[in-house]
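These are the residues of each chain, in order.
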Amino acid sequence: MKLSGLARLGAALLVATASALSRGAPSASASPTGSAPRAPALSDEGCIGCHADAARTWEGSLHHASASNSAYEIAVYAEPLAFCRRCHAPHGDPSRETSEAARQAGITCTTCHLRPGDARTVLSSPRERPIAAPHGVERSAALGQAVCARCHEFDFPDARGERMQKTATEHRASAHAATSCASCHMPQENGRRSHAFAASRDAAVLTRAVSVRADRDGDRVRFVLEPEGVGHAFPTGDLFRRLTLTVMTEDAAGRRLATKRRYFGRVFGPVKSGAEIVRREIADERLFARTEVTFALDPHAVPTTVRWQLDYERVAFSPTRQPEEAVVEGSITLARGTLGPHP
Ligand code: HEC
Ligand code: HEC
Ligand code: HEC
Ligand code: HEC
Ligand code: HEC
């Protein structure tokens, strides 16, 4: 279903809701919180019809595309598990191939704003001045944080007891633990909270999130990388993401001498578990705080020019344990520079 279709349905629902409310008369407004006994059940079509700003920003979000974006579709084709669908396609039956309606819907208004079993009370954030909504409202800080953690923190599907994503844990350990996920991820737009949740595909968001300083001292090049305003590891979320710092040296004639790389990601490798060898996380080398990195250049061929760049990479899969051989499906350059010859 496209938004226009949903909105049309929403408009129809709006009329139905308004008349139901006027019939339901004073009792509905007498209990502004909690569910009015005869209030109509809420649906995504209804939310979308009444909340145009939220609907517009949500429409372009990865939440809306959680079951239809190409990265997910390729991955779930390879691993068609109920486990994946329960989270990425919450409106479908997880034990079957996702229906077209559930694929198009993705993660919707009702997924975040309604509690299971109560289709009449909308979960909202605490606010200073109450506003009158034509539906039940329950205000709780959970919406901007605990609700996110339901999906942004989880174990691998086997019983190994290891986290596949751990953004909530990283957040608790970060310097920004006191700031909710929604405070950073839902900036105000025209007085309304944006529902676009832009991050891994948005160069502006990613570029702002790290500062890089580079300097050179003879045959050494030193970098200082510093995450800025990031409330967890950078990158977080999907386990195959990484930052790649590339340093290339050239001689006076502009010929490439060498290329070196440093990766900032989670490292998985074989470990012994009883009699078995299993694949586990063996190191977490993502950026958590200010980090210094030094590259030693070849002292016998001290190059004239050093070019460097920092990329944010979404890895599709790694055929071997060598990080150079990973297949990258999307990348955004966050910073680059050139260091001339040392005086
Ligand atoms: C009949 C129209 C209508 C429908 C249907 C509707 N809303 Fe609302 N809602 C409103 C109005 C009007 C307000 C109050 C003014 C405003 O925020 O625009 C409101 C307020 C809210 C608030 C802020 C509440 C507060 O006091 O903190 C949230 C959150 C919200 N709605 C979410 C939803 C969601 C999610 C759905 C669908 C499950 C939904 N609404 C369905 C009209 C509607
Ligand atoms: C990923 C979870 C999520 C989804 C999906 C979602 N919301 Fe929200 N929404 C939130 C959170 C969190 C807040 C509160 C932000 C804050 O004030 O801290 C919010 C706030 C709101 C508000 C009130 C805040 C404002 O500034 O207007 C409305 C209205 C609303 N959402 C409607 C919707 C509608 C309509 C949809 C579907 C098109 C939707 N939401 C989808 C999480 C979600
Ligand atoms: C029902 C599960 C669910 C809930 C609840 C949820 N998310 Fe998500 N979120 C997802 C999935 C799945 C994706 C990624 C979809 C994809 O890439 O296929 C995502 C994507 C995102 C992204 C974009 C990531 C990127 O790579 O650009 C951000 C940011 C985000 N969520 C933050 C939040 C915040 C903050 C909350 C709470 C207000 C929240 N989410 C609630 C499942 C959820
Ligand atoms: C202090 C602000 C801040 C807080 C708090 C915060 N984030 Fe983020 N988040 C960012 C920034 C900045 C980025 C972009 C840099 C990056 O990709 O890590 C980001 C990126 C993401 C991404 C995209 C993945 C990636 O790394 O590309 C997801 C998903 C996400 N955040 C979810 C969450 C969730 C869930 C919470 C709460 C548990 C949260 N964030 C708390 C600032 C914040
Ligand atoms: C408990 C919820 C949950 C489960 C289960 C889950 N995912 Fe996700 N998935 C997420 C969230 C949250 C994100 C967004 C993280 C981010 O963008 O950083 C995500 C992101 C992704 C991405 C996007 C990566 C990118 O860089 O664009 C793919 C692909 C993906 N998941 C595939 C799968 C597959 C396949 C499965 C089953 C094996 C699965 N997921 C199971 C929550 C889940």
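Quick note: structure is the one above.
Residues numbered from 1 in each chain as written. Chains lettered and ligands numbered in written order. Predicted model: local features only at pLDDT ≥ 70, side-chain atom pairs only at ≥ 80, totals over all residues.

Caption draft 1: Fine view of the overall build of the protein. What the protein contains, in helices and strands, is twelve helices and 14 strands. Residues classed as buried in the protein amount to 25% of the 343 residues present. Long-range contacts, defined as pairs at least 24 residues apart, comprise 56% of the intrachain contacts of the protein with a sequence gap of at least 6. (Helix = DSSP H or I, 4+ residues; strand = E, 2+ residues; numbered from the N terminus. Buried ≥ 20, exposed ≤ 12 C-beta atoms within 10 Å, placed from the backbone. Contact = placed C-beta atoms within 7 Å.)

Caption draft 2: How the structure looks around the site of ligand 4. In the vicinity of ligand 4, 25 residues are found, and the nearest of them are Cys181, Cys184, Ala199, Gly231 and Pro235. Residue composition of the shell around ligand 4, grouped by class: twelve nonpolar, twelve polar and one charged. Per-domain counts for the shell around ligand 4 show at least three residues from each of domain 1 (3-193) and domain 2 (203-339). (Near = placed C-beta within 6 Å. Nonpolar A, V, L, I, M, F, W, Y, C, P; charged D, E, K, R; others polar. Domains from an automatic or database assignment.)

Caption draft 3: Fine view of the site of ligand 1. Residues in close proximity to ligand 1 total 21 residues, the closest being Gly46, Cys47, Cys50, Ser124 and Ala133. Of all the secondary structure elements, the ones that give two or more residues to the shell around ligand 1 are helix H1 (3-24), helix H3 (44-50), helix H8 (109-113), strand E1 (121-124) and strand E2 (136-139). Of the residues belonging to the shell around ligand 1, the class tally is twelve nonpolar, seven polar and two charged.

Caption draft 4: Structural detail: the sheet that holds strand E10 (residues 256-273). Taken together, five strands build an open sheet; the order of strands is E11-E10-E9-E13-E14 and the sheet is antiparallel. Pairing within the sheet leaves two strands with one partner each, and these edge strands are strand E11 (276-284) and strand E14 (327-339). Direction aside, the axes of adjacent strands within the sheet are offset by 30° on average. In the sheet, strand E9 (residues 241-250) pairs with strand E13 (residues 305-317) via ten bridges, with the strands oriented antiparallel. Counterpart to Val247 in the pairing with E13 is Trp308. (Pairing = 2+ DSSP bridges. Axes fitted to C-alpha atoms, helices over the stretch in contact; angles between N-to-C directions.)

Caption draft 5: Spotlight on the environment of His113. As for its placement among the helices and strands, His113 is situated in helix H8. When the C-alpha positions of His113 and Leu123 are compared, they lie 4.8 Å apart, and in sequence the two are ten residues distant. Aside from chain neighbours lying at most four places away, what touches His113 is Val122 and Leu123.

Caption draft 6: Looking closely at the pairing of strand E7 (residues 210-217). The sheet contact formed by E7 and strand E8 (residues 220-227) spans eight bridges and is antiparallel. Paired with Asp215 across the two strands is Arg222, which belongs to E8. Turn length for the E7-E8 hairpin, with the two strands adjacent in sequence and antiparallel, is two residues, and the turn residue Gly218 shows positive phi of about 60°.

Caption draft 7: The sheet that holds strand E12 (residues 291-296), seen in detail. With antiparallel pairing, three strands are arranged side by side in an open sheet as E7-E8-E12. Looking at strand neighbours, the two that pair on one side only are E7 and E12, the edges of this open sheet. When strand polarity is set aside, the average angle formed by the axes of neighbouring strands in this sheet is 15°.

Caption draft 8: Region of interest: the nonpolar core. If you look at the biggest cluster of nonpolar residues, it comprises 16 residues, and the most contacted ones within it are Val221, Leu243, Leu245, Val247 and Trp308. Elements with a contribution of two residues or more to this core: E8, E9 and E13. Counting residues per element, this core draws most heavily on E13, which supplies four residues. In contact with Leu243, other than residues within four places in its own chain, are Pro235, Phe264, Leu287, Leu310, Asp311 and Tyr312. Membership of the second largest hydrophobic core comes to ten residues, among which are Leu42, Ala55, Cys109 and Leu143. (Core = buried A, V, L, I, M, F, W, Y, C linked by C-beta atoms within 7 Å.)

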